[in-house]
Amino acid sequence: MTYLLKQLGREWRFMLRQRYVLILLLCSFLVSGFAVFTGLAEVAQQQQTIERLKLADAKDRLEAQAKYNDPGSLAYYSFHLTYSEPSNLAFAALGERDVYPWKHRVRMLALEGQIYESDSQNAELAQAGKIDFVFVISALAPLFIILLFHDLIASERSSGRHDLLVSTAKSKYALWGSRGIVRFVAVVLCLMVPFYLGAMISSTGFLTTLLVSIWCIAYLAFWTVLSLWLGKKLASAPRIASILIACWVLLAFVLPILSDLLINHSVHSAKGGDILLTQRETVNDAWDLPVSTTMDAFAATHPQYADYSYQGEGFDWGWYYAFQQVGDQASTDMSNDYRAAAAKKYTLAGYATLLSPPLLLQRKINRLANTDALAAFEYEQDIRDFHKALRMAYYPWLFGQKKFDKTQLTSLPQFEDSTHNYKKVQNEQ
Amino acid sequence: MNNKKTQFAIEANSLHVDIKNAPILRNLSFQVAEGEIYALLGGNGAGKSTTLKTLLGFNQPSSGKVFIAGQEVYSALDFIRRKTAYLPESATLYPHLSAYENVQYFLSLADIKKSEDELNQAFQRVSLQESAWHRQLQTYSKGMRQKTAIALALLREAPIFLLDEPTSGLDPVAIDEFNQLVRELASSGASILMVTHDVYGACQVADRIGLLRNGELVGEYDAPENGRIDTEQVHAAFAQRKAL
């Protein structure tokens, strides 16, 4: 043990005298630190936005409740904030939160259009992506590892020291083993320390931090072993570096892009815009259709309100909300297909990660951080559940089965964010 | 299989070494006794460095065996490397470290602990000027770097020295000092195998010279009692190579 520590101590001191190694380590620390900092800032901004919206949402709803007295107007003018709060690991893996929306203000109107409205809004912004910690580890850290390890042996060969070093060392493990371990520990520390600081700031749980550490260290070890193995096999440092960089480009960029193209090519479904259009066209067409057409379609799914009678020639809230409901019903199949296709793409992407360690790491950590597509699907489902609960609360008032009393508004359902470990109830009313 | 032999400090028996299917050493046999200075003399491409690399275990012989301190090289590499001090032709130590730091680093690799005084004595013994001891090696001349590497070899206190063109880069005075040092080491019982193309230098210091040509040992020359090997004789044999 003492012998091993002595070897490691020597190589640690030796490493601290190598300027290019120190520069690489500093770069890796700064890049990781920057990613963690921007991740924390982004998460803080999302949390602030949610808090700000919660206050505004409660205020707006109170104003609407003060202004209107009938359930139809109240349902129409009251917005309800839904949101998916970032988890306390989201700072490290922002995941799909820049692709899928994490906040919606919904009304009692047809829902599918409200959910997919944002599909056509943020697509271009999502293209740029974000440099988060998991991106640094999965995509950039291999480059630091390659630069640190590809010539560990080759540089000694090219400078003529190799034979003297090997013939002097007590054993080859004392030399290459301790040199490799020291560099690995150094680069892992430089990359992970910013993450640990971020985890402390955002109160990430110990187990989660441990799991992220295990995944990251295993991933970095994969690139280190690959670099050392190739460095041992080949003599020329530029050749080793070229092969490793080719592997890096292939695994971190080419394979993910190809698999993405292949998955999108093989799995087809309606787009969010199509769902939005179908639902809106159904709602708009309903104005010109006979009332009975809408009411029959509504009663087919809500037989308890089948005996609701349309109130005269003019506008009627019951009819209005019935055709909103029918609009959602018209787009249900498309919406189900869309979600099934998204789930299938997610499953297929899981198979693709078996070919690409960088993708695998991203997927695992995004899952831990609850920022992946699954989390987005869960949030969408939460909105649907909430919207359904809201409809079920209003429908008895709207379709005349229950007398409306404004005091009953306090018993309206509240949105509950169930997309991560902190289940918070929005209850500002 | 018995891999132990105890007769000689270094022994090569019918050694054949091929590198990338090209025969480099052919049927090479020689022995170096305890306390003997053996010079393996040859021109460029004769196989001198390959011989040293094979003795250090870097090349695998296609046939034949090599023994160091009685042990077959490939059966006990760590043992062999503890018993030998190797001085490469171009002693490229770490340029960003001082002579002191270089020597300390390499000694630590070998798990050898030496005091500051012992390091100072080694530097003095190889005539490395004191003002340079703590300077980075990138400020050194080739000869000073060579002296640093020689100091390192001395500090290893190994019983066997393998020297690859050891006087390369040294000035005449330093060569004389080096030869004196080698003779002192031999008289204290160390066995020394040096490979060189310097006929004069080899004759000055060696007890025995083996002439290597195209990977084969084509002649051996012994120093007479209390005398030196005849330079002209060796030079004539060496020059034959040019004529071939």
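That block above? That's the structure.
Residues numbered from 1 in each chain as written. Chains lettered and ligands numbered in written order. Predicted model: local features only at pLDDT ≥ 70, side-chain atom pairs only at ≥ 80, totals over all residues. Heavy atoms only, no water.

**Focus on the interface of chain A and chain B**
Logical step 1: Facing the 25 residues of chain A at the interface are 23 residues of chain B.
Logical step 2: Each partner contributes to the roughly 2300 Å² buried at the junction of chain A and chain B, and carbon and sulfur atoms together form 57% of this total.
Logical step 3: For the chain A face of the interface with chain B, the top three residues by lost area are Arg17, Leu164 and Lys170 of chain A, together amounting to 28%.
Logical step 4: At the boundary of chain A with chain B, the tally comes to 4 salt bridges.
Logical step 5: Here Lys53 of chain B ties to Asp163 of chain A by a salt bridge, and the two come within 2.1 Å at their closest N and O atoms.
Logical step 6: Among the elements of the structure, helix 1 (2-15), helix 8 (162-168) and helix 9 (172-201) of chain A are those that each provide at least two residues to the side of chain A that touches chain B.
Logical step 7: In terms of residues, the side of chain A that touches chain B owes the most to one element, helix 8 of chain A, which gives 7 residues.
Logical step 8: Among the residues making up the side of chain A that touches chain B, the classes are represented as 8 nonpolar, 8 polar and 9 charged. (Contact = heavy atoms within 4.5 Å. Buried area = accessible area lost by both parts, 1.4 Å probe. Salt bridge = Lys/Arg side-chain N within 4 Å of Asp/Glu carboxyl O. Helix = DSSP H or I, 4+ residues; strand = E, 2+ residues; numbered from the N terminus. Nonpolar A, V, L, I, M, F, W, Y, C, P; charged D, E, K, R; others polar.)

**Some points on the layout of surface pockets**
Logical step 1: Of the pockets and cavities examined, the second largest pocket occupies roughly 980 Å³.
Logical step 2: Taken together, 30 residues line the second largest pocket, and the ones lying closest to its centre are Ile153, Arg157, His162, Trp176 and Lys232 of chain A.
Logical step 3: Elements supplying a minimum of two residues to the lining of the second largest pocket: helix 8, helix 9 and helix 10 (206-233) of chain A together with strand 1 (10-19) and helix 2 (77-83) of chain B.
Logical step 4: Take the lining of the second largest pocket: its biggest share by element is 7 residues, from helix 9 of chain A. (1 Å grid on protein atoms, 1.4 Å probe; cavity = no way out; pocket = protein on both sides within 12 Å on 5 of 7 lines; lining within 4 Å. Points joined across faces, edges and corners; volume = space filled by probe spheres on them.)

**Describing the pairing of strand 4 (residues 63-68) of chain B**
Looking along a regular strand, one sees the side chains alternate between the two faces of the sheet.
All names here are of chain B.
Logical step 1: Sheet topology places strand 1 next to strand 4; 5 bridges connect them, and they run antiparallel. Following the sheet pairing, His16 is matched in strand 4 by Ser63.
Logical step 2: Linking strand 4 to strand 5 (residues 71-72), which pair antiparallel, is a turn of 2 residues; within it Ala69 sits at a positive phi near 50°. (Pairing = 2+ DSSP bridges.)

**Notes on the sheet that holds strand 3 (residues 37-42) of chain B**
Residues and elements named next belong to chain B.
Logical step 1: With mixed pairing, 6 strands are arranged side by side in an open sheet as 6-7-8-3-9-10. Every other strand in the sheet has two partners, leaving strand 6 (84-87) and strand 10 (216-222) as the edge strands with one partner each. Here the strands of the sheet are splayed against their neighbours by 15° on average, with no regard to which way each runs.
Logical step 2: Strand direction decides the pairing type here: strand 9 (residues 208-213) and strand 10, joined by 6 bridges, are antiparallel. Residue Leu211 lies in a different strand from strand 10, and its bridge partner there is Gly219. (Axes fitted to C-alpha atoms, helices over the stretch in contact; angles between N-to-C directions.)

**Thoughts on empty space enclosed by the protein**
Logical step 1: All chains considered together, the criterion is met by 8 cavities of 30 Å³ or more.
Logical step 2: The calculated volume of the largest cavity comes to roughly 80 Å³.
Logical step 3: Taken together, Ser84, Glu96, Arg97, Tyr100, Pro101, Trp102, Asn370, Thr371, Asp372, Ala375, Ala376 and Tyr379 of chain A make up the lining of the largest cavity.
Logical step 4: When grouped by side-chain class, the residues that make up the lining of the largest cavity number 6 nonpolar, 3 polar and 3 charged.
Logical step 5: Approximately 70 Å³ is the volume found for the second largest cavity.
Logical step 6: Forming the walls of the second largest cavity are Arg125, Val126, Ser127, Lys147, Ile150, Leu170, Ala174, Glu177, Phe178 and Leu181 of chain B.
Logical step 7: Counting residues per element, the ones that place at least two in the lining of the second largest cavity are helix 5 (142-156) and helix 6 (172-187) of chain B.

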